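Structural description and commentary
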Amino acid sequence: MLSPRFLFALITCVATPVAASAQVALPTGGTLPAVDFERHVMGLVSKVGCNSGSCHGSFQGKGGFRLSLFGYEPAMDFAGLTRDNLGRRVNVVKPDESLLLLKATGATSHDGGMRFGKDAWVYNVFREWVRAGAKWTPGSGKIDQLEVFPKDFALLAADKPLQVKVTAKFSDGTTEDITPFCDFKISDDAIAALSPLGLLTPRQPGDAGLTVLYRGSVQAIRVLVPTPVQPGGYPKVPEVNFIDKEVFAKLKLMNVIPSDLASDATFLRRVTIDATGQLPSPDEVREFLADKDPKKREKVIDKLLAHPLHGAVWATKLSDVTGNNTQALEQPQTTQPKRSQMWHDWLRKRIADNVPYDQMVRDIVTATSLDGQKPEEWLEFVKKIDAQSEKGFTTDYPEKKTLDLFWRRQQAVPIEQWGEKVAVAFLGIRLECAQCHKHPTDRWTQDEYWAFANLFTQINFTQNQFSSTDLKKVVDTENAARKEKAPKGNNNNNIPLVRELFIAPAAKGAKPNPATGRVPTPKALGGPEITAKAGEDARAKLATWMTSPENQFFARSFVNRVWAHYFGIGLVNPVDDFSLANSPTNSRLLDALAAEFIKSGYDIRKLEKDILLSRTYQLDYATNATNKFDKNNFSHSYVRAMMAEQVVDILNGALGVSETYTGPDEPLTGKKILEVGSSRVQNPGLAYALRIFGRPPRTTACDCERAAEPALPQTLFRMTDDTILRKFTDGKGRVAALAKSKLTNEELADELFLATLSRLPTAEQKAEAAEAIKTAKTRTEGITDVLWALVNTREFILNH
């Protein structure tokens, strides 16, 4: 008896209709002379979905039906559609009775629901493929190049729709318009409406990203809807440097006029918060406002970039980026906050010394414990650091050449996680989605994911393993002495034993691609294969490739992070998501920043000064008729939330108090929160404040961990929390000092506004504040009321 599967194979060979293929009319115009499985059928499968849930998020259906994400594996998909389930999904004799079509049109019930009707062009494509024999020519849909027109951006005239056109050049040399088979997505549909076939219709002035996806290939362009031309034409806008040239060129293209320059008071507050995480003092504001030097803004920029707290700001941000997660560091638990502080201080010293960024990253990526020292020398350094750590949070660890703490974790870290951490921290690439399948919105394949992971197989931080027998001998002696001195009953987790982070002479534990079972050769992302001979460190070769001027991610990723810090949003946003589907809002500017950064020798301070000196950075937050809708073209300063650490420090500065540290954290007394490296603090009130204002635990390799959205608990904290209210009544705080002063009520109003909003009050505000102080039961109560009101304004809690 013949098997059903064999019968189906026989039918497809013998009973296939012999009539010439019928042409299928396409909704974008023209006809499809013949339906190709890879090019057309799998293009539609990835566009409309053919199982329960779309192919974007679910590619496993009932009865074992499985389709690859975006039709990236046509062999598997062809078998799933034509051979699996006894071949019931297609019926070449009666195409309309194919289960594929019956389910998709809702004629047969299934969880995926109706995908299209029988009168749809999509139906005709599937039907014609089945009618013609449900055939497949392997490789027929392999793409050499995907082109989108318009190429870089779609400039939409008012009320005039624009059809996006997508052309594919296939490996057989043929070229075809595949527009209707593509999936289109727009980042902001308030700017333009987008049809499933790529027709754009303008809605309001602005800028959005358009992503085109076709069977795993991705392209992105910008969609620009200009503001109506204003009477009198476009004004001439002064430019300070290359940044302004690129920003203002795009604004002119969109008929958007930038705001005026910010006032001196607004500029000083903004740049002081951005550069040091603090407010300018009342005296600093008065001095700056009185200064008549035309270069006073440049002078204050230089001063702030050299300020000791500037390094602390970037150490805090880079601690997020590099994953300075206190609870993940090696035990004992009591040493974890100290190690986090060492990590933070190592980064802070590099920023303060203006170490070139490429050098800093090399010293992280290639870090080891020894740094080339002899065993005895290194052990003495470790003993010195441990002794300093027992006494407090200040150690000589920042003098160490490399940051081995980056690799030193209590629990073993799988190599694929190291790959993800390094990629997102230093290249701005999110790799996670490529672990199990082709990345749906980027170029990375599963093979490339595991090839990158296999670069980290030499890392060794195993208990009681060392890079040499000589080192093991001296460390064993030291650890034995430490165990002897420890209280009886202590296990090794409570004893700070000496451990070494080193590179094994040969790679061990390379992992295969689960899809193929093959172990990929270690390879840089979008770069060369990297093999290490015995005794070589593969990470050193990776670092050389990564920090090369030719690397398309390294410099662009970092300048984007710096830009996002000073403007509240990156040119690529999120800042750690450089992908084919996430195009920069101003690619020319991003390229110019990166080129200048490379040319300067990766000089971080020069990069920052270029940004801060630009007219773009110094624009006012107040908008005009042309730029009121602008969210990503930098025509005005964006009002933005501050980091949690900045919020706490600025509140303390306004109230004239220092932060309270409790328990093991007490030695931190006198430090700003921005100077604290640990991702956890002992003071419950402080921990709560940091949490509600978005400080991340640093548990994942994603910038999204740091929350920046306003929330009700933040408002209630400033209004009613005991932690804050106690600071108002602190005997050494601002309220007490002003209450004892000889200042008049009007002078008190000036002082309170300068201490909180970094500006003088308007005449009306001054009169109201002075009256509130005058009519209060006591001078202290009046000052408290005015100060409380000021710190609860949006103007105080936001940077602008």
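These lines cover the structure that appears in this document, whether it is placed above or below. For clarity, every value in this text was computed on a predicted model and none was experimentally measured.

Rules and cut-offs
- Residues numbered from 1 in each chain as written.
- Predicted model: local features only at pLDDT ≥ 70, side-chain atom pairs only at ≥ 80, totals over all residues.
- Heavy atoms only, no water.
- Helix = DSSP H or I, 4+ residues; strand = E, 2+ residues; numbered from the N terminus.
- Buried < 20%, exposed > 50% of the residue type's maximum accessible area, 1.4 Å probe, protein only.
- Contact = heavy atoms within 4.5 Å.
- Areas by Shrake-Rupley, 256 points an atom, 1.4 Å probe, with all protein chains shown as cover.
- Lys, Arg positive; Asp, Glu negative; His and termini not counted.
- Charge placed at Lys NZ, Arg CZ, Asp CG, Glu CD.
- Pairing = 2+ DSSP bridges.
- Axes fitted to C-alpha atoms, helices over the stretch in contact; angles between N-to-C directions.
- Phe/Tyr/Trp six-rings, centres within 6.5 Å; stacked < 30°, edge-to-face > 60°.
- Left-handed = near helix turned anticlockwise from the far one by under 90°.
- Polar contact = N/O pair within 3.5 Å; in protein donor to acceptor, adjacent residues only side chain to side chain.

Looking only at helices and strands, the protein chain features 29 helices and 16 strands. Every one of the 800 residues in the protein chain was classed for burial, and the buried ones make up 54%. Partitioning the intrachain contacts of the protein chain with sequence separation of at least 6 by distance along the chain shows that 67% fall at a separation of at least 24. As displayed, the protein chain offers around 34,800 Å² of accessible surface, 54% of which is attributable to carbon and sulfur atoms. Taken as two groups, the 101 positive and 95 negative side-chain charges of the protein chain have centres that lie 2 Å from each other.

As a further point, take the pairing of strand E11 (residues 206–214). For E11, the buried fraction is high: nine of the nine residues fall into the buried class. Of the two faces of E11, the one carrying Gly206, Ala208, Leu210, Val212 and Tyr214 and the one carrying Asp207, Gly209, Thr211 and Leu213 are both buried. Bridging between E11 and strand E12 (residues 217–225) involves nine bridges; their strand directions are antiparallel. Its bridge partner being in E12, aspartate 207 is matched across the sheet by leucine 224.

With mixed pairing, four strands are arranged side by side in an open sheet as E4-E12-E11-E8. Lying at the two open borders of the sheet, with one neighbouring strand each, are strand E4 (153–155) and strand E8 (183–186). Between one strand axis and the next, the sheet turns through 25° on average, direction left out of account. Most of the contacts of helix H2 (residues 37–48) go to E11, to which it runs at about 130°, and overall it touches E8 and E11.

Turning next to the sheet that holds strand E6 (residues 165–170). On the basis of which strands lie adjacent, the open sheet formed by three strands has the order E3-E6-E7 and antiparallel pairing. Both outer strands of the open sheet, strand E3 (143–149) and strand E7 (175–177), are each paired with one neighbouring strand and no more. Here the strands of the sheet are splayed against their neighbours by 20° on average, with no regard to which way each runs. As paired elements, E3 and E6 share six bridges and run antiparallel to each other. Bridge pairing links isoleucine 143 to phenylalanine 170 in E6.

Quick look at the packing of aromatic side chains now. Applying the stated criterion across every chain, the model contains 30 aromatic pairs. Note on phenylalanine 116 and tyrosine 123: the rings are 6.5 Å apart at their centroids and 70° apart in plane angle, and the pair reads as edge-to-face. For phenylalanine 116, a relative accessible area of 7% puts it in the buried group. Seen in terms of ring centroids, phenylalanine 693 and phenylalanine 717 are 6.0 Å apart; in terms of plane orientation they differ by 80°. Their pairing is edge-to-face. Here phenylalanine 717 lies in helix H23 (residues 712–720) and phenylalanine 693 lies in the loop between helix H22 (684–692) and H23, a separation of 24 residues in the sequence. For the residue pair phenylalanine 693 and phenylalanine 717, the accessibility class agrees, reading buried in each case.

Direction vectors running N to C along helix H27 (residues 763–775) and helix H28 (residues 779–791) enclose 145°, while the axes themselves pass 7 Å from each other. Viewed along their axes, H27 and H28 form a crossing whose handedness is right-handed. In this structure, H27 contributes Ala769, Ala772 and Ile773 to the contact, and H28 contributes Gly782, Ile783 and Val786.

Before going further, it helps to examine the side chain of aspartate 537. Mapped onto the secondary structure, aspartate 537 falls in the loop between strand E14 (502–503) and helix H17 (538–546). Of note is the side chain of aspartate 537, whose polar atom sits 2.9 Å from the backbone nitrogen of arginine 539. For aspartate 537, the contacting residues outside a window of four places in its chain are Thr366, Gln458 and Ile503.

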